[in-house]
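Single-letter residue listing:
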Amino acid sequence: MRVLVVEDEERYAAGLRDGLEAEGFAVDVALDGVDGLWLAREHSYDAIVLDVMLPKLNGYRVCRALRAERDWTPILMLTAKEGEWDEIEGLDTGADDYLTKPVSYAVLLARLRALVRREARERPVVLAAGDLRLDPAARTVSRAGRDIEVTAREFAVLEFLLRRAGEAVSKRTILDHVWGDDFEGDPNIVEVYVRRLRNKVDRPFGRQSLVTSRGHGYRLVPDDG
């Protein structure tokens, strides 16, 4: 999943980025509201973590601008301010959730997962395609009732494909959402991870869920055998 963090405290923003990347997220960071709004307009994100007190353009105005443009990306607002009126203003401008600093990282992560599930497309708690199951909260993968060990990056690729089950997804789209669009390595790294996943979730079970869509990328389809 790809997340935009808009936070002017550099150390705090770096901490959020490092923590989310360790969980398999691709993370972009903006240090002021103008840059945050520009990134949100230029790229597709699965969620936005948006501080309220930002230089140049505060979080309320960023949120209001995005909603006025019919951008419904889930937004989690953060603020050091306390008081119900601040929370009301944040929610009234179109934010989906609101946390007051200092924020528990575990709570922030759980709220982000909940927001991603609320997107317009169906977002079940446990993702499934046939008997292949992935639990984003528990960080587990299983097939036919058997647990499968995957790395954090393999988990992120599989989660992205499961959230778009049945769709043909290009390598570039996978790179942008799992590695981030600043990735400068070989784009064929996607093929490497798809091959690893096939060796873990398909071949040992005699299945073919991860399908190559020639000229388009990859599709994940249900296969119960």
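Procedures and definitions
Residues numbered from 1 in each chain as written. Predicted model: local features only at pLDDT ≥ 70, side-chain atom pairs only at ≥ 80, totals over all residues. Heavy atoms only, no water. Core = buried A, V, L, I, M, F, W, Y, C linked by side-chain atoms within 4.5 Å. Buried < 20%, exposed > 50% of the residue type's maximum accessible area, 1.4 Å probe, protein only. Helix = DSSP H or I, 4+ residues; strand = E, 2+ residues; numbered from the N terminus. Domains from an automatic or database assignment. Contact = heavy atoms within 4.5 Å. Phe/Tyr/Trp six-rings, centres within 6.5 Å; stacked < 30°, edge-to-face > 60°. Lys NZ or Arg CZ within 6 Å of the ring centre and 35° of its normal. Polar contact = N/O pair within 3.5 Å; in protein donor to acceptor, adjacent residues only side chain to side chain. Pairing = 2+ DSSP bridges. Buried area = accessible area lost by both parts, 1.4 Å probe. Salt bridge = Lys/Arg side-chain N within 4 Å of Asp/Glu carboxyl O. Nonpolar A, V, L, I, M, F, W, Y, C, P; charged D, E, K, R; others polar.

### Remarks on the nonpolar core
Part 1: Of all hydrophobic cores here, the largest spans 45 residues; its most connected members are Leu 20, Leu 108, Val 141, Leu 158, Ile 174, Trp 179 and Leu 220.
Part 2: With 7 residues, the top contributor of residues to this core is helix α6 (residues 152–163).
Part 3: Residues from two domains meet in this core; each of domain 1 (2–119) and domain 2 (127–220) gives at least three.
Part 4: Leaving out residues up to four positions away in the same chain, Leu 158 has contacts with Leu 132, Leu 134, Val 141, Leu 197, Val 201 and Leu 220.
Part 5: Core analysis: the second largest hydrophobic core is formed by 21 residues, Ala 40, Leu 54, Ala 65 and Leu 66 among them.

### Focus on the packing of aromatic side chains
Part 1: Considering all chains together, one arrives at 1 aromatic pair under this definition.
Part 2: Ring centres of Trp 179 and Tyr 193 lie 5.4 Å apart, and the angle between their planes is 70°; this geometry places the pair in the edge-to-face category. Taken together, the residues Trp 179 in helix α7 (residues 171–179) and Tyr 193 in helix α8 (residues 189–202) connect sequence positions 14 residues apart.
Part 3: Taking the ring centre of Tyr 12 as reference, the NZ or CZ of Lys 101 above it sits at 4.8 Å.
Part 4: Arg 196 extends its terminal NZ or CZ atom over the ring of Tyr 193, reaching a point 4.7 Å from the ring centre.

### Here's the deal with the environment of Glu 149
Part 1: Counting through the fold element by element, Glu 149 comes out in the loop between β9 (146–148) and α6.
Part 2: On the basis of relative accessible area, Glu 149 is assigned to the exposed category, the value being 67%.
Part 3: Separated by 10 residues in the primary sequence, Glu 149 and Arg 139 have C-alpha atoms spaced 10.0 Å apart.

### As for the side chain of Asp 202
Part 1: Mapped onto the fold, Asp 202 is located in helix α8.
Part 2: We classify Asp 202 as buried; its relative accessible area is 2%.
Part 3: A polar side-chain atom of Asp 202 sits 3.0 Å from a polar atom in the side chain of Arg 143.
Part 4: Residues contacting Asp 202, with those up to four places away along its chain left out, are Arg 143, Leu 197, Arg 207, Gln 208, Ser 209 and Leu 210.

### Side note on the pairing of strand β7 (residues 132–135)
Part 1: The pairing of strand β6 (residues 127–129) with β7 spans 3 bridges and is classified as antiparallel. Bridge assignment links Ala 129 to a residue of β7, and that residue is Leu 132.
Part 2: Sheet analysis places β7 next to strand β8 (residues 140–143), joined by 4 bridges and oriented antiparallel. By the bridge assignment, Arg 133 is partnered in β8 with Ser 142.
Part 3: The turn joining β7 and β8, which pair antiparallel and follow one another in sequence, is formed by 4 residues; a positive phi near 60° is taken by Arg 139.

### Some details on the domain arrangement of the protein chain
Reports often express the size of an interface as the amount of accessible area lost when the parts come together.
Part 1: Taken domain by domain, the protein chain comprises domain 1 (2–119) and domain 2 (127–220).
Part 2: The centre of domain 1, based on its C-alpha atoms, is set 27 Å off from the matching centre of domain 2.
Part 3: At the interface, 11 residues of domain 1 touch 13 residues of domain 2.
Part 4: Carbon and sulfur atoms make up 40% of the area that domain 1 and domain 2 hide from each other, which totals about 970 Å².
Part 5: In this structure, the connection of domain 1 to domain 2 is made through 2 salt bridges.
Part 6: For the salt bridge of Asp 46 with Arg 164, the shortest nitrogen-to-oxygen distance reads 3.5 Å.
Part 7: Summed over the shared surface of domain 1 and domain 2, the result is 5 residue pairs in polar contact (both at pLDDT 80 or more).
Part 8: Secondary structure elements with two or more residues in the side of domain 1 that touches domain 2: β2 (26–30) and α5 (105–117).
Part 9: Tallied by class, the residues present in the side of domain 1 that touches domain 2 amount to 3 nonpolar, 3 polar and 5 charged.

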